[in-house]
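The lines below spell out each chain.
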Amino acid sequence: MNKILSIFILMLLFCANVRAEGDFLVDKFLAGKNFPRPEAHIDYDYTSTEYIPVKLKVCGDISTRDKRKYLFGEEVKLQVKSNVFYKNRLFLKKGTPANAKIEQIVESGMNGIPYYIYLGDFEIEGLESSKIMADYHKTGLNLVYWVYPFKWALTFLPPSGILTNLIKGGHAKITTADVITVYYFPEWK
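So, here's what we can say about the structure.

The rules we used
- Numbers given to residues run from 1 along each chain, matching the order in which its sequence is written.
- In view of the model being predicted, local features appear only for residues whose pLDDT reaches at least 70, and side-chain atom pairs are presented and counted only at 80 or more, with totals across whole chains, interfaces and linings using the full set of residues.
- The basis for every side-chain value is the complete set of heavy atoms in the structure, and neither hydrogens nor water enter the calculation.
- One speaks of a salt bridge when a side-chain nitrogen belonging to Lys or Arg is within 4 Å of a carboxyl oxygen belonging to Asp or Glu.
- Relative accessibility decides the category of a residue: with a 1.4 Å probe and only protein chains considered, values under 20% of the type maximum give buried, values over 50% give exposed, and everything between is partly exposed.
- Numbering of helices and strands starts at the N terminus; helices are DSSP runs of H or I of at least 4 residues and strands are runs of E of at least 2.
- Here a pair means two rings of Phe, Tyr or Trp (six-membered ring of Trp) with centres within 6.5 Å. Their orientation is stacked below 30 degrees between planes, edge-to-face above 60, and tilted elsewhere.
- Remark: a charge is flagged as sitting over a ring if the NZ atom of Lys or the CZ atom of Arg is within 6 Å of the ring centre and within 35 degrees of the ring normal.
- Here, residues are in contact when the closest pair of their heavy atoms is within 4.5 Å.

Here we come to the pattern of salt bridges. Applying the stated criterion across every chain, the model contains 4 salt bridges. For the salt bridge of Glu128 with Lys131, the shortest nitrogen-to-oxygen distance reads 3.4 Å. Residue Glu128 is classed as partly exposed on the basis of its relative accessible area of 44%. Under the relative-accessibility criterion, Lys131 is labelled buried at 10%. Lys138 serves as the salt-bridge partner of Asp178, at 2.7 Å between the closest nitrogen and oxygen. With Asp178 in the loop between strand S10 (173–174) and strand S11 (180–184) and Lys138 in strand S9 (residues 136–139), the pair connects residues that are 40 residues apart, well separated along the chain. Residue class for Asp178 comes out buried when judged on its relative accessible area of 16%.

Right, here's the structure in full:
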């Protein structure tokens, strides 16, 4: 027990000697430069949480099967799925055009991990994009929940469990039937 305690104390003393040093590249880049502080919106009431849900749909199907067509930063055409009312007035008409960008496509991996598509940077015609809060993602078929138990069941035969690594997850697909909900905050400044 004393040996373990003395090794632990020795490691603590060794690690205590480590100290952080500055990054010379950052120091060289920032030398002599003055950056202004960002302004805070003092007049804005941050307690306002009133929002308008806007339901969108894609104009055409998006799938990870077509790797050459959809890339990072690619623009996706959307439209408003139904009329949107705010304070008993028509706020947005059905069919109003909107745009989004593909922020990320995550490829499927070993052991049944699926593809993912992430959409962001939503813009709706007639609305300020800085007042829109949205994040949408779609997942392919997730096979992880049956691949891992199967893998562990085969561990008594050493090479057979490794073969489950070759199983990949499914492709992600956003169809015109999918509803993409974004939130518009009219009182934000």
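Evaluated as defined, the whole model comprises 6 aromatic pairs. Consider the rings of Phe91 and Tyr184, whose centres lie 5.6 Å apart with planes at 40°: the pair is tilted. With Phe91 in strand S5 (residues 89–92) and Tyr184 in strand S11, this residue pair connects regions lying 93 residues apart in the sequence. What makes Tyr184 buried here is its relative accessible area of 7%. Between Tyr116 and Tyr118, the ring centres sit 6.2 Å apart and the planes meet at 15°, which makes this aromatic pair stacked. On the basis of relative accessible area, Tyr116 is assigned to the partly exposed category, the value being 22%. Among the aromatic residues, ring-to-ring pairing joins Tyr51, Tyr183 and Phe185 into one connected group. Over the face of the ring belonging to Phe29 we find Lys33, whose NZ or CZ atom lies 4.0 Å from the ring centre.

As a further point, take the environment of Gly60. Counting through the fold element by element, Gly60 comes out in the loop between strand S1 (52–58) and strand S2 (62–63). With 18 residues separating them in the primary sequence, Gly60 and Leu78 have C-alpha atoms 8.4 Å apart. Excluding residues within four positions of it along the chain, Gly60 makes contact with Ile174 and Thr176.

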